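Structural overview for review
Chain residues, written in single-letter form:
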Amino acid sequence: MINIAIDGPSGAGKSTSARAAAKELGFIYVDTGALYRAVGVAALKRGIATADAKAVADMLPSLKIALRFEAGEQKVYLNGEDVSKTIRLPEASMAASDVSAVPAVRAFLFDLQKTLARENDCIMDGRDIGTVVLPEAQLKIFLTASAEERANRRYNELISRGTPVEYEALLSEIVQRDYNDSHRAIAPLKPAPDAVILDSSDMGFEEVVAEIVRLVKETVPDEA
Ligand code: DC
């Protein structure tokens, strides 16, 4: 199987570009952030403090999280319920960041990610895919962009959807999440030593997708 790891901070455009590149290559696209978001949502639903590592770990045995691919789109199920929309709510982002620092949560989601990669040609995106989950991936990409550019993109996206937001608030949330994700003791966000660093600050969406596809074809010329 061909396994491509894409890691990087939130808002760098990983999910949109990885999804488009996977489509072009005929691979499945696995968004692992959705798994952490599902655990975060489970805690919120049960009134469990997401920063309480023990309470979060104790909740895990009662959770069944599954990814299903419907018409190429990833859907996330939590104990049989489709939570694909709920996990995108703003409160789910911070909850996901909190629970992702709990070692038991990472262990809980590890096998699911491994199985998906073993069974499918895939582009898997996350924070620790190249470093921890798929260190054997044929290609690892670390997709990044400046915090200001990421806040800018998010601002334009929300404003165009008619959601009033303040740029400064978005920027400080991004800086806070970057800090959380890259300073946690377990599986911190960092490029694998052999990752290709792709800085998308001055690149358009199409350009990023084309570069990912080019890197994949260059790495596995016969199969992609
Ligand atoms: O990519 P995202 O914003 O949906 O990720 C949600 C949170 O989950 C984010 O704070 C980082 C965390 N995460 C992680 O720790 N490891 C992954 N492989 C994917 C996401």
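Our structure is the block above this text.
In short, a report on the structure. The numbering scheme is per chain: residues are counted from 1 as the chain's sequence reads. Totals for whole chains, interfaces and linings use every residue, but because this is a predicted model, local features are given only for residues with pLDDT of at least 70 and side-chain atom pairs only at 80 or more, for both listing and counting. Water and hydrogen atoms play no part in the side-chain values, which are based on all heavy atoms of the structure.

Some points on the side chain of Lys140
- Under the DSSP-based scheme used, a helix requires at least four consecutive residues in state H or I and a strand at least two consecutive residues in state E, with every element numbered from the N terminus. The topology assignment puts Lys140 in strand β7 (residues 139–144).
- Pairs of N or O atoms are called polar contacts if they sit within 3.5 Å, as long as, within protein, a hydrogen donor faces a hydrogen acceptor (for residues adjacent in sequence, only side-chain-to-side-chain pairs). At a separation of 2.7 Å, a polar atom in the side chain of Lys140 contacts the main-chain carbonyl oxygen of Pro135.
- A polar atom in the side chain of Lys140 sits 3.1 Å from the side chain of Asp194.

A closer look at empty space enclosed by the protein
- As defined here, a cavity is a set of points on a 1 Å grid over the protein atoms alone where a 1.4 Å probe fits but cannot get out. A pocket is an open set with protein on both sides within 12 Å along at least five of seven lines, and residues line them when an atom is within 4 Å of a point. Grid points are joined across faces, edges and corners, and a volume is the space filled by probe spheres set on the points. Counted by the stated rule, this structure contains 1 cavity of 30 Å³ or more.
- Taken as a whole, the largest cavity spans an internal volume of roughly 40 Å³.
- Residue lining of the largest cavity: Asp7, Gly130, Thr131, Lys140, Ile141, Phe142, Lys190, Pro191, Ala192 and Ala195, and that is the complete set.
- Residue assignment for the lining of the largest cavity shows that the elements contributing at least two residues are α6 (129–133) and β7.

Brief notes about the site of the ligand
- Near the ligand lie 15 residues; those nearest to it are Thr32, Arg37, Arg106, Arg127 and Arg184.
- Residue Arg127 places a side-chain N or O atom 2.9 Å away from an oxygen atom belonging to the ligand.
- When residues of the shell around the ligand are traced back to their parent elements, those giving at least two are α2 (33–45), α4 (90–99) and α8 (167–183).
- The dominant element in the shell around the ligand, judged by the number of residues it contributes, is α2, at 3 residues.
- Three categories are distinguished: nonpolar for Ala, Val, Leu, Ile, Met, Phe, Trp, Tyr, Cys and Pro, charged for Asp, Glu, Lys and Arg, and polar for the others, with Gly belonging to the last. For the shell around the ligand, a count of residues per class yields 3 nonpolar, 5 polar and 7 charged. Residues are classed as near a molecule or strand on a simple rule: at least one heavy atom within 4 Å of it.

Considerations on the environment of Asp82
- Here Asp82 lies in strand β5 (residues 81–82).
- The buried label goes to any residue with under 20% of its type's maximum accessible area, the exposed label to any with over 50%, and the partly exposed label to all in between, with areas taken from a 1.4 Å probe on protein chains only. Of the residues examined, Asp82 reaches a relative accessible area of 37% and is grouped as partly exposed.
- Sequence spacing of Asp82 and Leu67 is 15 residues, and the spatial spacing of their C-alpha atoms is 9.7 Å.
- Among all residues touching Asp82, those that are not within four sequence positions of it are Lys75, Val76 and Tyr77.
- One polar contact links Asp82 to Ser84, side chain to side chain, over a distance of 2.5 Å. Whether two residues are in contact is decided by their heavy atoms: any pair within 4.5 Å suffices.

Observations regarding the pattern of salt bridges
- A carboxyl oxygen of Asp or Glu within 4 Å of a side-chain nitrogen of Lys or Arg is what we treat as a salt bridge. Evaluation of the coordinates by the stated rule reveals 15 salt bridges.
- The shortest N-O distance in the salt bridge between Asp58 and Lys54 comes to 2.7 Å. On the criterion of helical spacing, the pair formed by Asp58 and Lys54 is a turn pair, its members being 4 residues apart in helix α3 (residues 53–59).
- Here Glu173 ties to Arg177 by a salt bridge, and the two come within 3.9 Å at their closest N and O atoms. Placement of the pair is Glu173 and Arg177 together in helix α8, with a separation of 4 residues, close to one helical turn.
- Looking at Glu173, the relative accessible area reads 33%, which means it is partly exposed.
- Using a relative accessible area of 14% as the deciding quantity, one classes Arg177 as buried.
- Through salt bridges with shared partners, a single network forms among Arg127, Asp181 and Arg184.

Brief notes about α8
- For a helix, the expected span equals 1.5 Å multiplied by the number of residues minus one. Given a rise of 1.5 Å per residue, 17 residues ought to cover 24 Å, and the 24 Å separating the end C-alpha atoms of α8 matches this to within 8%.
- Those residues of α8 not exposed but buried are Leu170, Leu171, Ile174, Arg177, Asp178 and Asp181. Seen end-on, α8 carries its buried residues on one side only, within an arc spanning 130 degrees. Those residues of α8 that are exposed and aimed more than 90 degrees away from the buried face are Glu168 and His183. Arc definition: it is the arc formed by the directions from the helix axis to the C-beta atoms.

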